[in-house]
Amino acid sequence: MKWEFIYDLENIFSILDDLEMQSIERDYPIIWEKVHAVSCAQIGRILAEKRGVNVDEAALACALHDIGRWVTGRQNEHAPKGEEPVRRFLTQKIGSKEAKEQIVQAVINHSKKHEIGTPLEEIVKDADILDCHWHGEDIMKPFHITRLKAALGELG
């Protein structure tokens, strides 16, 4: 059992519970943020294992990728707005500076689905697209469709 990650999810849910108590308008309800964080993390684990990337770092990056939207409540520009909160979250984590910085960059760059990034960034982008697709979101942007088809093809 990956207890460290379970405790990370507990911290993530605590943050989301606290944010839910604030009276700000949200583009997505907190329950979606919780479901999306967990399911993206698990998809990220699968992709990381398949691609030879650190599975635990991928799961955490995938779980945290929308932290900017959690804090602002808004989808618009949420990826770069996640930098400060993800850095704050990672200060409590043990791990190398390099690994933490890769997670930060994956959060900041996950919305740039038309660009190719680091292996970790690509896992976060693909997990995000796959999860949204599997939860019934219409994938409309051409570069999102291309990414979705490639990720589905990779998984067979």
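Definitions and cut-offs
Residues numbered from 1 in each chain as written. Predicted model: local features only at pLDDT ≥ 70, side-chain atom pairs only at ≥ 80, totals over all residues. Heavy atoms only, no water. Helix = DSSP H or I, 4+ residues; strand = E, 2+ residues; numbered from the N terminus. Expected span 1.5 Å × (residues − 1). Contact = heavy atoms within 4.5 Å. 1 Å grid on protein atoms, 1.4 Å probe; cavity = no way out; pocket = protein on both sides within 12 Å on 5 of 7 lines; lining within 4 Å. Points joined across faces, edges and corners; volume = space filled by probe spheres on them. Salt bridge = Lys/Arg side-chain N within 4 Å of Asp/Glu carboxyl O. Buried < 20%, exposed > 50% of the residue type's maximum accessible area, 1.4 Å probe, protein only. Core = buried A, V, L, I, M, F, W, Y, C linked by side-chain atoms within 4.5 Å. Nonpolar A, V, L, I, M, F, W, Y, C, P; charged D, E, K, R; others polar.

K.L.:
I would appreciate a short explanation of helix H2 (residues 30-51) in the present structure.
P.N.:
A turn of α-helix holds 3.6 residues, and therefore any two residues three or four places apart point the same way. For H2, spanning 22 residues, the distance from its first C-alpha to its last is 31 Å, which sits close to the expected 32 Å at 1.5 Å a residue. Of the residues trailing H2, Gly52 is marked for its positive phi of about 75 degrees.

K.L.:
Quick question: what am I supposed to make of the environment of His144 here?
P.N.:
Mapping His144 onto the fold places it in helix H9 (residues 142-155). Considered as a pair, His144 and Glu77 are 67 residues apart in the sequence and their alpha carbons are 17 Å apart. With sequence-adjacent residues up to four places away left out, His144 is seen in contact with Lys113, Ile129 and Ile139.

K.L.:
Whenever I open this one, empty space enclosed by the protein confuses me. Can you help?
P.N.:
A water-sized probe rolled over the atoms picks out the places where empty space is left. Enumeration according to the criterion identifies one cavity of 30 Å³ or more in this entry. Taken as a whole, the largest cavity holds about 30 Å³ of empty space. Lining the largest cavity, in full, are Glu33, His36, Ala37, Cys62, Ala63, Leu64, His65, Asp66 and Trp70. If you list the elements that add at least two residues to the lining of the largest cavity, you get H2 and helix H3 (55-64).

K.L.:
I'm lost on the pattern of salt bridges in this one. Help?
P.N.:
Any two side chains of opposite charge can pair, on the condition that their charged atoms come close. Evaluation of the coordinates by the stated rule reveals 18 salt bridges. As a salt-bridge pair, Lys93 and Asp8 come within 2.9 Å of each other at their nearest N and O atoms. On the criterion of sequence distance, the pair formed by Lys93 in the loop between helix H6 (83-91) and helix H7 (97-109) and Asp8 in helix H1 (residues 3-20) is long-range, its members being 85 residues apart. With a relative accessible area of 7%, Asp8 lands in the buried category. A salt bridge links Arg45 to Asp56, with the shortest nitrogen-to-oxygen separation between them at 3.3 Å. Here Arg45 is found in helix H2, whereas its partner Asp56 is found in helix H3, with eleven residues between them in sequence. Exposure remark for Asp56: the relative accessible area of 37% places this residue in the partly exposed category. One salt-bridge network, in which partners are shared between bridges, spans Arg51, Glu122, Lys125, Asp126, Arg147 and Glu154.

K.L.:
Just to check I follow, could you spell out the nonpolar core for this structure?
P.N.:
When a protein is soluble and globular, its nonpolar side chains tend to lie buried together. Counting 41 residues, the largest nonpolar core has Ile12, Leu64, Trp70, Val86 and Leu90 as its most contacted members. Breaking this core down by element, the ones donating at least two residues are H1, H2, H3, helix H4 (67-72), H6, H7, helix H8 (119-134) and H9. Broken down by element, this core gets its largest block of residues, eight residues, from H2. In contact with Trp70, not counting residues within four places along its chain, are Ile12, Leu16, Leu19, Arg26, Glu33, Ala37, Ala63 and Leu64.

K.L.:
Even after reading the chapter, I still don't get the layout of surface pockets, so can you show me in this structure?
P.N.:
A volume near 510 Å³ is recorded for the largest pocket. Taken together, 28 residues form the lining of the largest pocket, with Gln75, His78, Ser111, Lys113 and His144 sitting closest to its centre. Only H2, helix H5 (78-81), H8 and H9 provide two or more residues apiece to the lining of the largest pocket. Here the residues of the lining of the largest pocket are counted per class, giving ten nonpolar, nine polar and nine charged. Here the second largest pocket defines a volume of roughly 280 Å³. In this structure, the second largest pocket is lined by 18 residues; those nearest its centre are Glu4, Asp56, Glu57, Leu60 and Lys93. Only H1, H3 and H7 provide two or more residues apiece to the lining of the second largest pocket. Per element, the largest residue contribution to the lining of the second largest pocket is four residues, and it comes from H1. Its residues assigned to classes, the lining of the second largest pocket comprises seven nonpolar, three polar and eight charged.

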